[in-house]
Amino acid sequence: METSRQQANLILNINPVIRGWAMYHRHIVSKARFTWIDHQIWRILWRWAVRRHAMKGAKWVKKKYFHVEGARHWVFASDDRINGISQRLRLFSASTVLIVRHIKIRSAVNPYNPTWNAYLERRHRSISPL
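All of the points below concern the structure found in this document. Since we're looking at a predicted model, the values are computed, not measured.

Observations concerning the overall build of the chain
Within the chain, the regular secondary structure consists of four helices and three strands. Starting at the N terminus, the α and β elements of the chain follow one another as α-α-α-β-β-β-α. On C-alpha atoms alone, the chain measures out to a radius of gyration of 21 Å, which is more than a quarter above the 14 Å that the 2.2 N^0.38 rule sets for 130 residues. Each principal axis of the C-alpha atoms in the chain carries an extent, and together these give about 70 × 35 × 25 Å. Evaluated residue by residue, the chain yields a buried proportion of 27% over its 130 residues. Sequence-distant contacts, at least 24 apart, represent 49% of the contacts inside the chain between residues at least 6 apart. Carbon together with sulfur atoms contributes 59% to the accessible area of the chain, which is approximately 9,700 Å² in total. Across the chain, the mean location of the 24 positive side-chain charges is 8 Å away from that of the 6 negative side-chain charges.

So, how was this worked out
Residues numbered from 1 in each chain as written. Predicted model: local features only at pLDDT ≥ 70, side-chain atom pairs only at ≥ 80, totals over all residues. Heavy atoms only, no water. Helix = DSSP H or I, 4+ residues; strand = E, 2+ residues; numbered from the N terminus. Rg over C-alpha atoms; globule rule 2.2 N^0.38 Å. Buried < 20%, exposed > 50% of the residue type's maximum accessible area, 1.4 Å probe, protein only. Contact = heavy atoms within 4.5 Å. Areas by Shrake-Rupley, 256 points an atom, 1.4 Å probe, with all protein chains shown as cover. Lys, Arg positive; Asp, Glu negative; His and termini not counted. Charge placed at Lys NZ, Arg CZ, Asp CG, Glu CD.

Structure, rendered in structure tokens:
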């Protein structure tokens, strides 16, 4: 139980950092970098898990800390009971963040000039998610 709790604490502490970093950098061409970062995080977590259970084999460590979810293998996750309900905490994957391209605005645009209203409305519609 304690091992699971420490893994859950690790996930809860790391997830906001990974998510924040990925959201900050999602405006640049960064999909390959996100995948690289996920791999580096996986390497660190693997070493952490093996170090915690030095007397256990690699298969045992993989089964305890890493799970298969759909097409994704090696998902660092912890099954915990929160308020009597069994839940799975997963490590956030930076490569799941969608890349959002930044669209430059024309240099002559003046938001206070009514002649640019049509351009600004089109631009707002094209970058709005809904």
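Here the narrative resumes.
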